[in-house]
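# Examining the three-dimensional arrangement
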Amino acid sequence: ETTWEQPSSVPGTPKSPPPNSPSVLAVNGYHISGTPVHQLDSGHMSLRKTSGDHQSPGSPAAPRRQSKESSLTINCVTFPHPDVLPEQQLLKPSEWSYCDYFWADKKDSQGNNTVSGFEILLQKQLKGKQMQKEMAEFIRERIKIEEEYAKNLSKLSQNSLAAQEEGTLGEAWAQLKKSLADEAEVHLKFSSKLQSEVEKPLLNFRENFKKDMKKCDHHIADLRKHLASRYAAVEKARKALTERQKDLEMKTQQLEVKLSNKTEEEIKKARRKSTQAGDDLMRCVDLYNQAQSKWFEEMVTTTLELERLEVERVEMIRQHLCQYTQLRHETDMFNQSTVELVDQLLRKVDPAKDRELWVKEHKTGDIRPVDMEI
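- The name an unreviewed UniProt entry assigns to the protein chain is GAS7 protein, from the organism Piaya cayana.

Right under this line is the structure:
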């Protein structure tokens with residue numbers, strides 16, 4: 001076995017991961033940022049639980065406790081082992097929050113490739129924006145229908161059919177035609193308000209969303225690539241340490257068989273290389289943990305932001321659809337008012353009065369014919 005001092009860690013590196021974070025990579029159950037002195041046996045490197053037992057520095061004779069494997073690695077990210085997963089606490093235990101459920105990767109619909117949890121959230125946001133755009137297009141079609149309807153009503157109101165009707169019925173008929181012009185104006189205003197108060201806000205909301213999400217996507221992807229490279233460095237350092245320890249063990253066995261100054265020098269050299277390999281491994285593990293911690297922090301921040309944007313999107317659409325229904329109710333109310341005067345005039349239609357008025361205007365004489373005398 002070899003013993004070495006802990007390399008100094010980068011300032012600001014957390015001593016332990018936040019709740020529900022991917023596990024911290026450790027050596028023999030000890031986190032790299034945990035103790036100043038570490039001992040490594042047989043080149044064994046494992047992914048350990050945060051609460052691993054620490055061995056007192058400077059007491060190599062103290063018995064070691066066997067710590068249970070409590071984490072596993074998936075795509076270069078360490079996660080808690082399923083057996084200890086219930087021990088983790090959710091960041092938002094009372095909510096189905098994005099920040100708790102999208103850490104691992106997922107197979108795509110074809111089952112061939114994997115998609116990162118962040119990519120799934122990003123696709124959800126992009127789909128939401130597309131749905132929002134399609135809703136705006138739907139409202140645009142409604143506006144076109146209203147404009148066309150208003151145009152046809154206005155045209156019909158100017159039609160001369162039955163313009164010769166007279167009397168109280170003629171007044172009611174003329175008012176009915178005028179009500180069409182009023183109704184056309186109501187629908188035209190309705191279409192105008194739909195455009196300014198519903199369609200336009202739907203189109204303008206988060207106009208630069210896709211551009212902002214691309215920046216965010218690249219940032220998270222870069223952190224994952226960096227994490228993968230750090231993990232590869234850990235694996236490389238672990239293999240190098242294993243080789244150095246095997247070399248040291250072989251030379252030690254040779255010394256037991258044959259004593260010579262040359263062999264002793266080789267053992268000293270092998271021991272130095274083994275110690276250096278151990279230092280390199282610790283540095284690599286420490287850098288990996290820092291990279292994973294940074295990725296974790298950015299993931300939490302970004303997923304919470306995506307969640308906020310989704311809540312904002314849904315609430316915004318709800319408000320503007322409520323505005324649509326309100327405008328629709330107002331349109332019905334105004335339409336009703338356009339026919340109220342028509343109703344009043346129709347109730348006043350009096351066939352007797354109409355006959356009287358017509359007779360007075362068109363009579364040819366009020367002397368009735370008499371019988372002819374012989």
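### As for the pairing of strand 6 (residues 71-74)
- Bridging between strand 6 and strand 7 (residues 77-80) involves 4 bridges; their strand directions are antiparallel. In the strand pairing of strand 7, Leu-72 is matched with Phe-79.
- Adjacent in sequence and paired antiparallel, strand 6 and strand 7 are bridged by 2 residues, among which Asn-75 carries a positive phi angle near 50°.

### Some details on the nonpolar core
- If you look at the biggest cluster of nonpolar residues, it comprises 28 residues, and the most contacted ones within it are Trp-103, Phe-118 and Trp-295.
- Those elements that provide at least two residues to this core are strand 7, helix 2 (117-157), helix 4 (209-257) and helix 5 (261-347).
- Ranked by residues supplied to this core, first place goes to helix 5 with 12 residues.
- Setting aside its immediate chain neighbours within four residues, Trp-295 contacts Pro-22, Val-77, Trp-103, Ile-220, Leu-223, Arg-224 and Leu-227.
- Of all hydrophobic cores here, the second largest spans 12 residues; its members include Ile-143, Leu-202, Phe-205 and Met-316.

### A word on the packing of aromatic side chains
- One pass over the structure, following the stated rule, counts 6 aromatic pairs.
- Arranged with centres 5.1 Å apart and planes meeting at 25°, the rings of Trp-96 and Tyr-101 form a pair that is stacked.
- Given a relative accessible area of 76%, Trp-96 falls into the exposed group.
- The exposure class of Tyr-101 is partly exposed, given its relative accessible area of 38%.
- Each member of the aromatic cluster is reached from another via a ring pair, and the members are Trp-103, Trp-295 and Phe-296.

### Let's talk about the pattern of salt bridges
- According to the stated counting rule, one finds 18 salt bridges in the structure shown.
- In this structure, Glu-146 and Arg-142 form a salt bridge, with 2.2 Å as the shortest nitrogen-oxygen distance. Here Glu-146 pairs with Arg-142, and both are found in helix 2, just 4 residues apart, close to one helical turn. Note on accessibility: Glu-146 and Arg-142 belong to one class, buried.
- Among the salt bridges present, the one from Glu-312 reaches Arg-308, with a minimum N-O distance of 3.0 Å.

About the criteria used
Residues numbered from 1 in each chain as written. Predicted model: local features only at pLDDT ≥ 70, side-chain atom pairs only at ≥ 80, totals over all residues. Heavy atoms only, no water. Pairing = 2+ DSSP bridges. Helix = DSSP H or I, 4+ residues; strand = E, 2+ residues; numbered from the N terminus. Core = buried A, V, L, I, M, F, W, Y, C linked by side-chain atoms within 4.5 Å. Buried < 20%, exposed > 50% of the residue type's maximum accessible area, 1.4 Å probe, protein only. Contact = heavy atoms within 4.5 Å. Phe/Tyr/Trp six-rings, centres within 6.5 Å; stacked < 30°, edge-to-face > 60°. Salt bridge = Lys/Arg side-chain N within 4 Å of Asp/Glu carboxyl O.

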